[in-house]
Amino acid sequence: MRWLLGGGIFAAAVAGHALEGGLPVNAGAWPEVVALVDRGTKGAGIFGSELRGVFCTGTVIRPRVILTAAHCVTQPASEQARTDLPSQVSIYRGEGRLNYRGPVAGQVRVTRAIVHPGSGAGVDLALLAIDQPLPGVVPLSLQARLPPASQDIHSVGFGELHPQEQRNTMGQKSAAARRLDLRDDKEVCSRRAGIKTPASAGDSGGPALLRASDGRFQVLGVLTGFRTKREGDREVEADCWIPVSAHQAWLEQNIAALESNPTSRPPASPATPPPATP
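These numbers were taken from a predicted model, which means no experiment stands behind them. (Residues numbered from 1 in each chain as written. Predicted model: local features only at pLDDT ≥ 70, side-chain atom pairs only at ≥ 80, totals over all residues. Heavy atoms only, no water.)

Trainee: Break down the pairing of strand E16 (residues 188-191) for me, citing the residues and quoting the values.
Mentor: Here two bridges tie strand E15 (residues 182-183) to E16, and the two strands are oriented antiparallel to one another. Note that in E16 the partner of Leu 182 across the bridge is Cys 189. Linking E15 back to E16 in an antiparallel pair, the connection comprises four residues. (Pairing = 2+ DSSP bridges. Helix = DSSP H or I, 4+ residues; strand = E, 2+ residues; numbered from the N terminus.)

As structure tokens, this is what we get:
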């Protein structure tokens, strides 16, 4: 398991289950939660790691826009988006396990990424444009304000499976019920409560989902990693999400930018008419 501790740095490799304490989803569940898939050769995964295939999770928030964590798509030791995203990274909607050796169907390509300018200071957010909508997926809306403390949420992700348990597997979509019981001005967090590995590599960028008053789920935050948090006179370990409500203006502006120009190329200039003949 690899966890982001802050500033775009990974640490503490520990084998673990995907969203331990949760369960693999049933077919068709949480279709808005998708996997980021690296199509490159082994070793070309996130930060040059050996993890090939699924390396992070994202959420469909517009027909052609995915919300994920900045550390999933930035270059090593950089706050800039990977330059190989259009050629190497796809978005996969699916359930169950993916196999290294088998074909991965149902993918669409990433065409552009916008990383939050504060990602190096802990605002671990990024937006991705895709080349076409995912069929049958209704985008989730974003929470406009942070709810009161001690909220029950669902956390969904494509975390890495323990290699001794499932060989040749790239990811498993799992869901877990969690309680947000810690917060500060930057993050909302859930205590680990004795679970050794509540989430694992591949879950990063996944959503914390909260049921709204109309019964539909909304995205409350984006999974950034685990932290050691101060609670009174003691320290506790917790998994943390970046709340989207704190960055609403940036999200709205850049969602619009991706919808109007979903590629990294600037819009074509209109053709200049030939000069009038005297």
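Trainee: Pulling in residues and values, what's your account of the nonpolar core?
Mentor: In terms of nonpolar packing, the biggest core is built from 46 residues, with Trp 30, Leu 36, Leu 67, Val 73, Ile 91, Leu 127 and Leu 128 touching the most fellow members. Every element with two or more residues in this core is listed here: strand E4 (33-38), strand E5 (53-62), strand E6 (65-68), strand E7 (89-92), strand E9 (107-115), strand E10 (126-130), strand E18 (217-231) and helix H2 (248-260). Membership of the second largest hydrophobic core comes to eight residues, among which are Leu 180, Val 188, Leu 223 and Trp 241. (Core = buried A, V, L, I, M, F, W, Y, C linked by side-chain atoms within 4.5 Å. Buried < 20%, exposed > 50% of the residue type's maximum accessible area, 1.4 Å probe, protein only.)

Trainee: Please set out the sheet that holds E6 residue by residue, giving values where relevant.
Mentor: Read around the closed barrel, the six strands follow the order E4-E5-E6-E10-E9-E7; overall the barrel is antiparallel. Ignoring which end each strand starts from, the neighbouring axes of this sheet average 45 degrees apart. Direction of pairing for E6 relative to E10: antiparallel, over a ladder of four bridges. If you follow Leu 67 over to E10, its bridge partner there is Leu 127. In this fold H2 packs onto E5, E6, E9 and E10, with an angle of close to 20 degrees to the strand it touches most, E10. (Axes fitted to C-alpha atoms, helices over the stretch in contact; angles between N-to-C directions. Contact = heavy atoms within 4.5 Å.)

Trainee: Run through the environment of Gln 132, naming residues and quoting values.
Mentor: Here Gln 132 shows up in the loop between E10 and strand E11 (141-142). Gln 132 gets classed as partly exposed once you look at its relative accessible area, which sits at 41%. As a C-alpha pair, Gln 132 and Val 65 span 67 residues in sequence and 9.5 Å in three-dimensional space. Contacts of Gln 132, omitting those with residues within four sequence positions, involve Pro 63, Arg 64 and Val 108.

Trainee: Break down unusual backbone geometry for me, with residues and values.
Mentor: Its identity as a non-glycine residue notwithstanding, Trp 30 has a phi of 50 degrees, on the positive side. Among the secondary structure elements, Trp 30 is positioned in the loop between strand E3 (23-24) and E4.

Trainee: Describe in detail the side chain of Glu 187, supporting the description with residues and values.
Mentor: Positionally, Glu 187 belongs in the loop between E15 and E16. Here Glu 187 falls in the buried class, since its relative accessible area comes to 7%. With near-sequence residues (within four places) excluded, Glu 187 lies in contact with Leu 182, Thr 224, Arg 227, Lys 229, Cys 240, Trp 241, Ile 242 and Pro 243.

Trainee: A description of the pattern of salt bridges should follow, citing residues and the corresponding values.
Mentor: What the rule picks out here adds up to six salt bridges. Notably, a salt bridge pairs Arg 82 with Asp 84, separated by 2.8 Å at the nearest N-O pair. Look at Asp 84 and you get partly exposed, because its relative accessible area is 25%. Within this structure, Asp 38, Arg 82 and Asp 84 form a network of salt bridges that share partners. (Salt bridge = Lys/Arg side-chain N within 4 Å of Asp/Glu carboxyl O.)

Trainee: Any chance you could break down the state of the cysteines for me, citing the residues and the numbers?
Mentor: Two cysteines whose sulfur atoms are joined by a covalent bond form what is called a disulfide. Scanning the model with the defined rule gives two disulfides in all. One disulfide bridge connects Cys 56 with Cys 72, the sulfur atoms lying 2.0 Å from each other. The S-S bond linking Cys 56 to Cys 72 shows a torsion near -85 degrees; that makes this disulfide left-handed. Of this pair, Cys 56 sits in strand E5 while Cys 72 sits in the loop between E6 and helix H1 (85-88); the two residues are 16 residues apart in sequence, bridging distant segments of the chain. Each member of the pair, Cys 56 together with Cys 72, is buried. In this model, Cys 189 is linked to Cys 240 through a disulfide, with the two sulfur atoms separated by 2.1 Å. Taking the sign of the torsion about the S-S bond as the criterion, the disulfide between Cys 189 and Cys 240, at about 105 degrees, is right-handed. (Disulfide = S-S within 2.5 Å.)

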